[in-house]
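Summary of the model geometry
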Amino acid sequence: MNDPLRVVVPPLAHPADWAGDPVHDLGEPGSFPFTRGAHAGMYTQRPWTMRQYAGFGGAAETNARFLALLAAGQTGLSTAFDLPTQMGYDSDHPMAAGEVGRVGVAIDTVEDLKTLFADIPLDRVTTSMTINATAAILLAMYVVTGEERGIARNRLGGTVQNDVLKEYIARGTYIYPAAPSLRLVTDIFRFVADEGMNFNPISVSGYHMREAGATAVQEVAFTLANALEYVRRGIDAGVPLAAFGPRLSFFFAAHNDLFEEVAKFRAARRLYARLMRERFDADDASARLRFHTQTGGVTLQAQQPLNNVVRVAVQALAAVLGGTQSLHTNGYDEALSLPSEDSATLALRTQQVLAFESGMTRSIDPLAGSWYVEALTDRIEREARALIEQVDELGGAAAAVERGFFQQAIADSAWATQQAQESGALTVVGVNRFTDASTAPEIRLPDYHTLEGEQRERLAHVKSQRDATAVAAALAAVKLAAAGVDPMMPPIVTAVRARATLGEISDALREVWGTYRGEGAR
């Protein structure tokens, strides 16, 4: 039976269903085409990084959660920012009213970022920052935070998401038109390379497209199509592939179809390696796909929320069997509110059970050679390549975004999924089958009104203490660079150091570049 939402192979697979060549299609872990893993030893050498995503309210509140997670055994930080921060508005801007600290931490100046990472050794703990349109400003704040704590730039490690194309496609937190936005992306590539930072300058994200309704094949294809666009733009900007290719990273979702998800991760690694070699003559370091995984937020259900514990465990298992480099596991109550400290700790414990009790760290790619998994891997790779070729025919990812190609394809898949759930063709336990009354966990929301007032007071204090002349000069330099061709990161770092705010820097760029109003992003 044809299923538009899933990759279909025979339920009882045989050798003929796997058409691949073990030597060329599988290879060895850590070697081209990386089907069996990005690194030779995988988890037998060390487990994946446990990088729980957190951020809410003000910097001090989020810092307390970070410290609690690190004390509980988390091995890396992942920062969620509120919508005003993502959209380039300060907490005192009218557009920020009612949104300060709601879906992440509010960051207006470098003073907030210093509070966010207080008592955290930034030269020993890597940090992921889920930020895109304002990624250059947050990276500059991170650099200045390290600088003012005596930590050299080349000792700072982590990832900045910096994937603006998927914002136009699925998420919506874009600010500027595509051309200057992509210029900022490649300027971050250049800055990280020039400074010798142990930082991934981008995390090309399929996660948000999957959350918006993309199928597993679309997630792979559209993510890799975007990555190819970024690589082309970086090279065209004069940054050698060898200077940024090995630092590119990826971000995928893990959903409930265990074997399809495992095959998806393996297919993505292999297809990326082949495309990078075919199109850019990339060496192995630049062809190796390394990725972070987050369990599927859209799969979490408000009904019978404890079922989400099981869903998250299955999804985390898929990510680990698929060879992820780092992992976030969602809290079971996230369909209802920000995760409680107890649910966030349980989510971390889920990873720890997999790492230290399940035997996962004793094997490398344990499902390799399964006729079923290999057939799924082959099919996903073929179907994803065909979609990428369609994107190529439209002129590449940026052109396809302007044409609305990605958006329409994902919308169609999302609609088909909704229809399948409502008809009962797709079972969602506790929602359209096996339903019963269940007690929702107690929800304790922060006092956002008070948090917003306090954040505005902190912002006003920084403004009152800074050198207004230095700020004005720094912002003028940002605008001058934006109007020309010089790299953007140095003047942004200078502006951050002078205590220019995120909103002021964003407004300087808006003044020169305007804002995005493309048809494809409506």
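Further up the page is the structure itself.
Quick summary incoming for the structure in this document.

About the criteria used
- Residues numbered from 1 in each chain as written.
- Predicted model: local features only at pLDDT ≥ 70, side-chain atom pairs only at ≥ 80, totals over all residues.
- Heavy atoms only, no water.
- Helix = DSSP H or I, 4+ residues; strand = E, 2+ residues; numbered from the N terminus.
- Expected span 1.5 Å × (residues − 1).
- Buried < 20%, exposed > 50% of the residue type's maximum accessible area, 1.4 Å probe, protein only.
- Arc of directions from axis to C-beta.
- Contact = heavy atoms within 4.5 Å.
- Phe/Tyr/Trp six-rings, centres within 6.5 Å; stacked < 30°, edge-to-face > 60°.
- Lys NZ or Arg CZ within 6 Å of the ring centre and 35° of its normal.
- Pairing = 2+ DSSP bridges.
- Axes fitted to C-alpha atoms, helices over the stretch in contact; angles between N-to-C directions.
- Left-handed = near helix turned anticlockwise from the far one by under 90°.
- Nonpolar A, V, L, I, M, F, W, Y, C, P; charged D, E, K, R; others polar.
- Right-handed = clockwise from strand over helix to strand, strands pointing away.

Moving on: helix α2 (residues 59-71). When the terminal C-alpha atoms of α2 are compared, their 18 Å separation across 13 residues agrees well with the 18 Å that a helix rising 1.5 Å per residue should span. Taken residue by residue, α2 has Ala-59, Thr-62, Asn-63, Arg-65, Phe-66 and Leu-69 as its buried positions. The buried residues of α2 occupy an angular sector of 160 degrees when the element is viewed end-on, so they sit on one face. For α2, the secondary structure elements touched by its buried residues are β1 (49-54), β2 (76-80), α4 (110-116) and α14 (341-356). Looking one or two places after α2, you find Gly-73, whose phi comes out positive at around 115 degrees.

Attention now goes to the environment of Val-320. Structurally, Val-320 is set in helix α13 (residues 307-321). Overall, Val-320 belongs to the buried group, its relative accessible area being 4%. Through-space distance from the C-alpha of Val-320 to that of Phe-265 is 9.8 Å; in sequence the pair is 55 residues apart. Among residues more than four places away in sequence, those in contact with Val-320 are Tyr-43, Trp-48, Leu-327, Leu-354 and Met-360.

So, about the packing of aromatic side chains. Summed over all chains, the structure comprises 20 aromatic pairs. Judged by centre distance (5.0 Å) and plane angle (75 degrees), the rings of Tyr-43 and Trp-48 are edge-to-face. Residue classification places Trp-48 among the buried positions, given a relative accessible area of 3%. Taken together through their ring pairs, the aromatic side chains of Phe-250, Phe-252, Phe-265, Tyr-272 and Phe-291 make up a single cluster. Arg-277 extends its terminal NZ or CZ atom over the ring of Phe-32, reaching a point 3.5 Å from the ring centre. Note that Arg-510 overlies the ring of Tyr-89, its terminal NZ or CZ placed 4.5 Å from the centroid.

One key point about sheets: their strands pair by backbone hydrogen bonds, in either a parallel or an antiparallel sense. Pairing is parallel in the open sheet, where nine strands are placed in the order β5-β4-β3-β2-β1-β9-β8-β7-β6. A strand with exactly one partner marks an edge of an open sheet, and here the two such strands are β5 (198-200) and β6 (203-205). Neighbouring strand axes in the sheet, compared pairwise and without regard to direction, differ in orientation by 25 degrees on average. Strand direction decides the pairing type here: β2 and strand β3 (residues 127-130), joined by four bridges, are parallel. Within β3, the position partnered with Thr-79 by the bridge is Met-129.

Looking at the secondary structure, you find Val-7 in the segment before α1 (22-26). As a C-alpha pair, Val-7 and Ala-216 span 209 residues in sequence and 8.0 Å in three-dimensional space. Beyond its immediate sequence surroundings of up to four residues, Val-7 is in contact with Val-217, Glu-260, Leu-376, Arg-379, Ile-380 and Glu-383.

Another aspect to go through is the packing of helix α11 (residues 258-280) against α13. The N-to-C vectors of α11 and α13 enclose an angle of 30 degrees; their axes lie 8 Å apart at closest approach. Handedness of the crossing formed by α11 with α13: right-handed. Packed against α11, whose contacting residues are Leu-258, Glu-261, Val-262 and Phe-265, the element α13 presents Val-314, Leu-317, Ala-318, Ala-319 and Leu-321 at the interface. Class assignment for the residues of the contact of α11 with α13 results in eight nonpolar, no polar and one charged.

Moving on, we come to the pairing of strand β8 (residues 291-295). Most of β8 sits out of view: five of its five residues are buried. Neither face of β8 is open: one carries Phe-291, Thr-293 and Thr-295, the other His-292 and Gln-294, and all of them are buried. The sheet contact formed by strand β7 (residues 249-254) and β8 spans five bridges and is parallel. The partner of Phe-250 across the bridge, within β8, is Phe-291. Pairing of β8 with strand β9 (residues 326-328) involves three bridges; the strand directions are parallel. Within β9, the residue paired with Thr-293 across the bridge is Leu-327. Once the chain exits β8 it traverses α13 before rejoining the sheet at β9, and the crossover so formed is right-handed.

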